[in-house]
Amino acid sequence: MVTSSPSKIVFDSADIAFQLKNGRKLVDDMSVAYILPSDSTEVERLRLNHDLWKMVLEGLFKSPLHESLKKGITVLDVGCGPGFWTKDMAILYPNSKFIGIDMADVFVREDLPPNAEFHIVNAANGLPFHDESFDFVFQRFLVMGFPTDKYIQSIKEIKRVLKTDGAIEILELVNDYIDPSPALAKISSWIDKALSARNMDSYIGDKISTFLQDAGFQDIRDIKYNVPIGWGGVAGELYLSIQQLALPAVGVMVTQLTSVKDEEYEETTKEALAGAKVFKSTTRFRLIYAKK
Ligand SMILES: C[S@@+](CC[C@H](N)C(=O)[O-])C[C@H]1O[C@@H](n2cnc3c(N)ncnc32)[C@H](O)[C@@H]1O
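About the criteria used
Residues numbered from 1 in each chain as written. Predicted model: local features only at pLDDT ≥ 70, side-chain atom pairs only at ≥ 80, totals over all residues. Heavy atoms only, no water. Helix = DSSP H or I, 4+ residues; strand = E, 2+ residues; numbered from the N terminus. Rg over C-alpha atoms; globule rule 2.2 N^0.38 Å. Buried < 20%, exposed > 50% of the residue type's maximum accessible area, 1.4 Å probe, protein only. Near = heavy atom within 4 Å. Polar contact = N/O pair within 3.5 Å; in protein donor to acceptor, adjacent residues only side chain to side chain. Areas by Shrake-Rupley, 256 points an atom, 1.4 Å probe, with all protein chains shown as cover. Nonpolar A, V, L, I, M, F, W, Y, C, P; charged D, E, K, R; others polar. Expected span 1.5 Å × (residues − 1). Bend = angle between axes of the 7 residues up to and from the residue. Contact = heavy atoms within 4.5 Å. Phe/Tyr/Trp six-rings, centres within 6.5 Å; stacked < 30°, edge-to-face > 60°. Lys NZ or Arg CZ within 6 Å of the ring centre and 35° of its normal. Salt bridge = Lys/Arg side-chain N within 4 Å of Asp/Glu carboxyl O. UniProt positions renumbered as here; feature names shortened; annotations may be inferred. Axes fitted to C-alpha atoms, helices over the stretch in contact; angles between N-to-C directions. Parallel < 35°, antiparallel > 145°, perpendicular 65-115°, else oblique. Left-handed = near helix turned anticlockwise from the far one by under 90°.

## Some words on the overall build of the protein chain
Secondary structure summary: the protein chain contains eight helices and ten strands in total. Its C-alpha atoms give the protein chain a radius of gyration of 18 Å, near enough to 19 Å, the size a compact globule of 292 residues would have. With respect to the principal axes defined by its C-alpha atoms, the protein chain has extents near 50 × 40 × 35 Å. Within the span of the protein chain, comprising 292 residues, buried residues form 55% of the whole.

As C-alpha coordinates, then:
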(Lines give C-alpha, C1' and ligand atoms only; values in the text may rest on other atoms or scores of the structure.)
Protein backbone atom coordinates (compact mmCIF):
# COMPACT_ATOMS: atom_id res chain seq x y z
CA MET A 1 0.00 0.00 0.00
CA VAL A 2 1.25 3.47 -0.87
CA THR A 3 1.44 6.09 1.85
CA SER A 4 0.84 9.81 1.86
CA SER A 5 3.00 12.38 3.60
CA PRO A 6 2.17 15.94 4.67
CA SER A 7 5.06 17.24 2.57
CA LYS A 8 2.98 16.53 -0.53
CA ILE A 9 0.75 19.52 0.27
CA VAL A 10 2.67 22.65 -0.69
CA PHE A 11 1.45 26.10 0.37
CA ASP A 12 2.46 28.44 -2.45
CA SER A 13 1.63 32.13 -2.55
CA ALA A 14 -2.11 31.73 -1.81
CA ASP A 15 -3.31 33.22 1.46
CA ILE A 16 -7.06 32.94 1.06
CA ALA A 17 -9.60 33.63 3.80
CA PHE A 18 -12.69 31.45 4.34
CA GLN A 19 -15.89 32.02 6.33
CA LEU A 20 -18.69 29.77 7.61
CA LYS A 21 -22.14 30.71 6.30
CA ASN A 22 -25.29 28.65 6.98
CA GLY A 23 -23.05 25.73 7.90
CA ARG A 24 -21.07 25.84 4.62
CA LYS A 25 -17.40 26.85 4.26
CA LEU A 26 -17.04 29.63 1.67
CA VAL A 27 -14.23 31.76 0.31
CA ASP A 28 -14.09 35.22 1.87
CA ASP A 29 -11.63 36.90 -0.45
CA MET A 30 -12.41 39.40 -3.21
CA SER A 31 -9.53 38.11 -5.36
CA VAL A 32 -11.41 34.80 -5.76
CA ALA A 33 -14.65 34.83 -7.78
CA TYR A 34 -15.60 31.26 -6.76
CA ILE A 35 -18.24 30.97 -4.05
CA LEU A 36 -19.31 27.36 -4.13
CA PRO A 37 -18.56 25.75 -0.76
CA SER A 38 -15.17 24.17 0.00
CA ASP A 39 -16.22 21.57 2.57
CA SER A 40 -16.78 17.85 3.10
CA THR A 41 -20.27 17.87 1.50
CA GLU A 42 -18.78 19.45 -1.61
CA VAL A 43 -15.93 16.92 -1.59
CA GLU A 44 -18.54 14.15 -1.58
CA ARG A 45 -20.28 15.75 -4.57
CA LEU A 46 -16.97 16.01 -6.43
CA ARG A 47 -16.20 12.35 -5.65
CA LEU A 48 -19.50 11.27 -7.19
CA ASN A 49 -18.92 13.63 -10.11
CA HIS A 50 -15.49 12.10 -10.68
CA ASP A 51 -17.11 8.63 -10.75
CA LEU A 52 -19.72 9.88 -13.22
CA TRP A 53 -17.13 11.24 -15.63
CA LYS A 54 -15.02 8.07 -15.49
CA MET A 55 -18.22 6.31 -16.58
CA VAL A 56 -19.17 8.82 -19.30
CA LEU A 57 -15.65 9.06 -20.79
CA GLU A 58 -14.92 5.37 -20.19
CA GLY A 59 -11.64 6.54 -18.73
CA LEU A 60 -10.06 9.63 -17.23
CA PHE A 61 -9.27 11.73 -20.30
CA LYS A 62 -9.61 11.80 -24.09
CA SER A 63 -6.26 13.20 -25.29
CA PRO A 64 -4.13 10.60 -27.13
CA LEU A 65 -1.53 10.42 -24.37
CA HIS A 66 -1.74 6.87 -23.01
CA GLU A 67 1.70 5.82 -24.33
CA SER A 68 3.46 9.02 -23.19
CA LEU A 69 1.84 8.75 -19.76
CA LYS A 70 2.99 5.12 -19.52
CA LYS A 71 6.60 6.14 -20.32
CA GLY A 72 6.55 9.12 -17.94
CA ILE A 73 5.51 12.76 -18.39
CA THR A 74 4.69 15.73 -16.14
CA VAL A 75 1.02 16.66 -15.66
CA LEU A 76 -0.79 19.62 -14.05
CA ASP A 77 -4.44 19.59 -12.88
CA VAL A 78 -5.72 23.20 -12.55
CA GLY A 79 -8.49 23.74 -9.97
CA CYS A 80 -8.18 20.07 -9.00
CA GLY A 81 -10.55 20.27 -6.00
CA PRO A 82 -9.93 17.23 -3.78
CA GLY A 83 -7.75 15.82 -6.57
CA PHE A 84 -9.57 12.58 -7.34
CA TRP A 85 -8.48 12.85 -10.99
CA THR A 86 -4.88 13.64 -10.01
CA LYS A 87 -4.75 10.70 -7.61
CA ASP A 88 -6.36 8.18 -9.99
CA MET A 89 -4.07 9.26 -12.82
CA ALA A 90 -1.00 8.98 -10.57
CA ILE A 91 -1.97 5.44 -9.60
CA LEU A 92 -2.64 4.48 -13.22
CA TYR A 93 0.59 5.99 -14.53
CA PRO A 94 3.31 5.53 -11.87
CA ASN A 95 6.11 6.72 -14.21
CA SER A 96 4.46 10.13 -14.69
CA LYS A 97 4.46 13.00 -12.20
CA PHE A 98 1.19 14.76 -11.24
CA ILE A 99 0.65 18.14 -9.60
CA GLY A 100 -2.85 19.28 -8.61
CA ILE A 101 -3.44 22.93 -7.69
CA ASP A 102 -6.44 24.47 -5.96
CA MET A 103 -7.12 27.57 -3.85
CA ALA A 104 -8.74 25.43 -1.11
CA ASP A 105 -7.07 22.65 0.86
CA VAL A 106 -9.67 19.96 0.37
CA PHE A 107 -7.06 17.56 -1.04
CA VAL A 108 -7.30 13.78 -0.65
CA ARG A 109 -4.50 12.62 1.57
CA GLU A 110 -5.35 8.94 1.95
CA ASP A 111 -3.19 6.51 -0.03
CA LEU A 112 -1.72 9.28 -2.16
CA PRO A 113 0.94 7.71 -4.38
CA PRO A 114 4.48 9.19 -4.32
CA ASN A 115 4.13 10.64 -7.85
CA ALA A 116 1.25 12.99 -6.87
CA GLU A 117 1.37 16.27 -4.98
CA PHE A 118 -0.94 19.20 -4.32
CA HIS A 119 -0.26 22.94 -4.13
CA ILE A 120 -2.55 25.61 -2.72
CA VAL A 121 -2.61 28.26 -5.44
CA ASN A 122 -4.98 31.03 -6.50
CA ALA A 123 -4.84 30.23 -10.21
CA ALA A 124 -6.61 33.50 -11.02
CA ASN A 125 -3.25 35.17 -10.33
CA GLY A 126 -1.42 33.00 -12.87
CA LEU A 127 0.34 29.66 -12.61
CA PRO A 128 3.41 29.61 -10.32
CA PHE A 129 5.47 27.40 -12.66
CA HIS A 130 8.29 28.07 -15.13
CA ASP A 131 7.66 28.23 -18.88
CA GLU A 132 7.50 24.81 -20.55
CA SER A 133 7.25 22.79 -17.30
CA PHE A 134 4.43 20.37 -18.25
CA ASP A 135 3.57 17.88 -20.99
CA PHE A 136 -0.15 17.79 -20.21
CA VAL A 137 -2.45 20.28 -18.43
CA PHE A 138 -5.98 19.30 -17.43
CA GLN A 139 -8.72 21.67 -16.19
CA ARG A 140 -12.22 20.54 -15.21
CA PHE A 141 -15.32 22.52 -14.14
CA LEU A 142 -14.00 26.06 -13.60
CA VAL A 143 -17.09 27.75 -15.13
CA MET A 144 -18.04 28.98 -11.65
CA GLY A 145 -14.42 29.78 -10.75
CA PHE A 146 -13.02 32.09 -13.39
CA PRO A 147 -14.58 35.31 -14.75
CA THR A 148 -14.28 35.34 -18.56
CA ASP A 149 -11.04 37.38 -18.61
CA LYS A 150 -9.44 35.00 -16.05
CA TYR A 151 -10.63 31.97 -18.03
CA ILE A 152 -8.90 33.30 -21.13
CA GLN A 153 -5.84 34.21 -19.05
CA SER A 154 -5.78 30.68 -17.62
CA ILE A 155 -5.70 29.23 -21.14
CA LYS A 156 -2.76 31.55 -22.01
CA GLU A 157 -0.99 30.59 -18.78
CA ILE A 158 -1.51 26.90 -19.53
CA LYS A 159 0.06 27.48 -22.96
CA ARG A 160 3.03 29.21 -21.31
CA VAL A 161 3.70 26.35 -18.87
CA LEU A 162 3.23 23.66 -21.54
CA LYS A 163 6.26 22.23 -23.33
CA THR A 164 6.39 22.36 -27.15
CA ASP A 165 3.81 19.83 -28.40
CA GLY A 166 2.28 19.70 -24.91
CA ALA A 167 -1.42 18.89 -24.57
CA ILE A 168 -4.35 20.71 -22.96
CA GLU A 169 -7.70 19.17 -22.03
CA ILE A 170 -10.67 21.06 -20.57
CA LEU A 171 -14.02 19.61 -19.49
CA GLU A 172 -16.76 22.14 -18.82
CA LEU A 173 -20.40 22.25 -17.83
CA VAL A 174 -22.69 24.56 -19.79
CA ASN A 175 -25.44 26.11 -17.62
CA ASP A 176 -28.04 25.19 -20.20
CA TYR A 177 -30.53 22.36 -19.87
CA ILE A 178 -32.21 20.55 -22.72
CA ASP A 179 -35.94 19.93 -22.01
CA PRO A 180 -35.95 21.54 -18.55
CA SER A 181 -39.04 21.69 -16.35
CA PRO A 182 -40.18 25.26 -15.62
CA ALA A 183 -38.54 24.95 -12.17
CA LEU A 184 -35.21 23.79 -13.66
CA ALA A 185 -35.31 26.60 -16.23
CA LYS A 186 -35.84 29.05 -13.37
CA ILE A 187 -32.85 27.66 -11.45
CA SER A 188 -30.71 27.90 -14.59
CA SER A 189 -31.71 31.56 -15.14
CA TRP A 190 -30.86 32.37 -11.49
CA ILE A 191 -27.46 30.69 -11.87
CA ASP A 192 -26.91 32.73 -15.03
CA LYS A 193 -27.71 35.95 -13.12
CA ALA A 194 -25.35 35.03 -10.28
CA LEU A 195 -22.54 34.16 -12.70
CA SER A 196 -23.06 37.41 -14.65
CA ALA A 197 -22.81 39.36 -11.38
CA ARG A 198 -19.22 38.05 -11.13
CA ASN A 199 -18.47 38.46 -14.87
CA MET A 200 -18.67 34.70 -15.36
CA ASP A 201 -20.32 33.13 -18.38
CA SER A 202 -22.85 30.25 -18.32
CA TYR A 203 -21.87 29.45 -21.91
CA ILE A 204 -18.08 29.60 -21.57
CA GLY A 205 -17.90 25.89 -22.44
CA ASP A 206 -19.22 26.70 -25.91
CA LYS A 207 -16.42 29.24 -26.43
CA ILE A 208 -13.36 27.30 -25.27
CA SER A 209 -12.35 25.97 -28.68
CA THR A 210 -12.36 29.57 -29.98
CA PHE A 211 -10.25 30.67 -27.01
CA LEU A 212 -7.81 27.83 -27.72
CA GLN A 213 -7.66 28.81 -31.38
CA ASP A 214 -7.06 32.47 -30.46
CA ALA A 215 -4.28 31.39 -28.09
CA GLY A 216 -2.60 29.48 -30.94
CA PHE A 217 -3.38 25.88 -29.93
CA GLN A 218 -3.58 23.30 -32.72
CA ASP A 219 -5.46 20.09 -33.56
CA ILE A 220 -8.45 21.24 -31.48
CA ARG A 221 -11.13 18.62 -30.82
CA ASP A 222 -14.44 19.65 -29.23
CA ILE A 223 -16.75 16.87 -28.02
CA LYS A 224 -20.33 17.45 -26.80
CA TYR A 225 -21.85 15.37 -23.99
CA ASN A 226 -25.49 15.53 -22.88
CA VAL A 227 -25.97 13.89 -19.48
CA PRO A 228 -29.55 12.87 -18.51
CA ILE A 229 -30.77 13.85 -15.04
CA GLY A 230 -32.35 10.84 -13.33
CA TRP A 231 -33.23 8.80 -16.41
CA GLY A 232 -31.61 6.80 -19.22
CA GLY A 233 -29.56 4.37 -17.09
CA VAL A 234 -26.89 4.27 -14.40
CA ALA A 235 -25.13 7.52 -15.40
CA GLY A 236 -28.45 9.39 -15.31
CA GLU A 237 -29.27 8.01 -11.84
CA LEU A 238 -25.81 8.96 -10.58
CA TYR A 239 -26.10 12.42 -12.11
CA LEU A 240 -29.41 12.99 -10.29
CA SER A 241 -27.75 12.20 -6.95
CA ILE A 242 -24.96 14.64 -7.87
CA GLN A 243 -27.55 17.30 -8.71
CA GLN A 244 -29.16 16.70 -5.29
CA LEU A 245 -25.87 17.94 -3.81
CA ALA A 246 -24.99 20.44 -6.56
CA LEU A 247 -28.15 22.54 -6.57
CA PRO A 248 -27.98 23.35 -2.82
CA ALA A 249 -24.25 24.16 -3.21
CA VAL A 250 -24.96 26.48 -6.14
CA GLY A 251 -27.85 27.97 -4.12
CA VAL A 252 -25.28 29.48 -1.75
CA MET A 253 -23.94 31.48 -4.70
CA VAL A 254 -27.40 32.33 -6.12
CA THR A 255 -28.83 33.67 -2.86
CA GLN A 256 -25.66 35.66 -2.19
CA LEU A 257 -25.45 37.30 -5.60
CA THR A 258 -29.12 37.74 -6.60
CA SER A 259 -32.35 38.79 -4.88
CA VAL A 260 -33.60 35.16 -4.74
CA LYS A 261 -34.45 34.16 -1.17
CA ASP A 262 -33.33 30.90 0.51
CA GLU A 263 -36.88 29.47 0.81
CA GLU A 264 -37.77 30.25 -2.80
CA TYR A 265 -34.54 28.63 -4.00
CA GLU A 266 -35.09 25.53 -1.82
CA GLU A 267 -38.68 25.06 -3.00
CA THR A 268 -37.75 25.49 -6.66
CA THR A 269 -34.83 23.07 -6.27
CA LYS A 270 -37.16 20.38 -4.89
CA GLU A 271 -39.51 20.90 -7.82
CA ALA A 272 -36.64 20.90 -10.33
CA LEU A 273 -35.16 17.64 -9.01
CA ALA A 274 -38.57 15.92 -8.97
CA GLY A 275 -39.36 17.10 -12.51
CA ALA A 276 -36.07 16.25 -14.23
CA LYS A 277 -37.02 12.60 -14.74
CA VAL A 278 -40.55 13.48 -15.91
CA PHE A 279 -39.36 16.09 -18.41
CA LYS A 280 -36.34 13.93 -19.41
CA SER A 281 -34.03 16.90 -18.86
CA THR A 282 -30.33 16.76 -19.72
CA THR A 283 -27.31 18.99 -18.97
CA ARG A 284 -24.86 19.97 -21.70
CA PHE A 285 -21.10 19.54 -21.28
CA ARG A 286 -18.11 20.06 -23.58
CA LEU A 287 -14.72 18.42 -23.57
CA ILE A 288 -12.06 20.17 -25.60
CA TYR A 289 -8.51 18.96 -26.17
CA ALA A 290 -5.67 20.32 -28.27
CA LYS A 291 -1.91 20.57 -28.73
CA LYS A 292 0.36 23.56 -28.17
C1 LIG B 1 -16.34 22.52 -9.33
S2 LIG B 1 -14.82 22.28 -8.55
C3 LIG B 1 -14.00 21.14 -9.66
C4 LIG B 1 -12.86 20.42 -9.00
C5 LIG B 1 -12.13 19.41 -9.88
N6 LIG B 1 -11.59 20.01 -11.08
C7 LIG B 1 -13.01 18.25 -10.24
O8 LIG B 1 -13.34 18.07 -11.42
O9 LIG B 1 -13.39 17.51 -9.32
C10 LIG B 1 -13.97 23.76 -8.91
C11 LIG B 1 -12.67 23.89 -8.13
O12 LIG B 1 -11.99 25.05 -8.59
C13 LIG B 1 -11.34 25.64 -7.49
N14 LIG B 1 -11.08 27.05 -7.79
C15 LIG B 1 -11.97 28.02 -8.04
N16 LIG B 1 -11.35 29.19 -8.25
C17 LIG B 1 -10.03 28.94 -8.14
C18 LIG B 1 -8.87 29.75 -8.24
N19 LIG B 1 -8.95 31.05 -8.49
N20 LIG B 1 -7.67 29.16 -8.08
C21 LIG B 1 -7.57 27.83 -7.80
N22 LIG B 1 -8.63 27.02 -7.69
C23 LIG B 1 -9.85 27.57 -7.86
C24 LIG B 1 -12.32 25.44 -6.34
O25 LIG B 1 -11.70 25.54 -5.09
C26 LIG B 1 -12.85 24.04 -6.63
O27 LIG B 1 -12.10 23.07 -5.96
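## Remarks on the site of the ligand
Of all residues adjacent to the ligand, which total 17 residues, the nearest are Gly79, Asp102, Asn122, Ala123 and Arg140. Residue Asp102 places a side-chain N or O atom 2.6 Å away from an oxygen atom belonging to the ligand. Taking 590 Å² as the accessible area of the ligand by itself, protein coverage stands at 96%. Here the residues of the shell around the ligand are counted per class, giving ten nonpolar, four polar and three charged.

## Concerning helix H7 (residues 234–257)
Taking 1.5 Å of rise per residue, the 24 residues of H7 would be expected to cover 34 Å, and the 34 Å separating its terminal C-alpha atoms lies within 8% of that figure. The sharpest bend along H7 measures roughly 25° and falls at Gln243.

## What to know about the environment of Ile242
The residue Ile242 is located in helix H7 in this model. Sequence separation between Ile242 and Pro94 is 148 residues; the distance between their C-alpha atoms is 30 Å. Those residues in contact with Ile242 that lie beyond four places of it in its chain are Arg45, Leu48, Asn49 and Leu52.

## Examining the packing of aromatic side chains
This model, assessed by the stated rule, comprises 13 aromatic pairs. An aromatic cluster of three or more residues is present, and its members are Trp53, Phe141, Tyr225, Tyr239 and Phe285. Residue placement shows Lys25 over the ring face of Phe18; its charged tip is 4.8 Å from the ring centre.

## Some details on the pattern of salt bridges
Counted by the stated rule, this structure contains 17 salt bridges. In this structure, Glu44 engages Arg47 in a salt bridge whose closest nitrogen and oxygen atoms are separated by 2.8 Å. Here Glu44 and its partner Arg47 are both found in helix H1 (residues 40–57), three residues apart, which amounts to about one turn of the helix. The exposure class of Glu44 is partly exposed, given its relative accessible area of 31%. The exposure class assigned to Arg47 is partly exposed, which follows from its relative accessible area of 33%. For Asp206, the salt bridge goes to Arg284, with nearest N and O atoms at 2.8 Å. Here the residue Asp206 occupies a position in the loop between helix H5 (182–197) and helix H6 (208–214), and Arg284 occupies one in strand E10 (residues 282–291), the gap between them amounting to 78 residues.

## A closer look at the UniProt feature "domain: Methyltransferase" (unreviewed entry) in the protein chain
Listed under "domain: Methyltransferase" (unreviewed entry) in the UniProt record, and renumbered for this structure, are residues 75–166. In residues 75–166, helix accounts for 25% and strand for 29%; the two terminal C-alpha atoms are 10 Å from one another.

## Some thoughts on the packing of H5 against helix H8 (residues 262–279)
Here H5 crosses H8 at 125°, and the two axes come no closer than 7 Å. As summarised for this structure, H5 and H8 are arranged oblique, according to the angle between their axes. Crossing hand, H5 versus H8: left-handed. In this structure, H5 uses Pro182, Ala183, Leu184, Lys186, Ile187 and Trp190 to contact H8, whose residues at the interface are Glu264, Tyr265, Thr268, Thr269, Glu271, Ala272 and Phe279.

## Regarding the environment of Asp88
The residue Asp88 is located in helix H3 (residues 84–92) in this model. Along the primary structure Asp88 and Met200 are separated by 112 residues, whereas in three dimensions their C-alpha atoms are 30 Å apart. For Asp88, the contacting residues outside a window of four places in its chain are His50, Lys54 and Leu60. A polar side-chain atom of Asp88 sits 2.8 Å from a polar atom in the side chain of His50.

## Some thoughts on the side chain of Arg24
For Arg24, the position within the fold is in strand E3 (residues 24–27). The exposure class assigned to Arg24 is buried, which follows from its relative accessible area of 13%. Within polar-contact distance, the side chain of Arg24 engages the side chain of Asp39 at 2.8 Å. Ignoring sequence-local partners within four residues, the contact set of Arg24 consists of Gln19, Pro37, Asp39, Thr41, Glu42, Ala249 and Val252.

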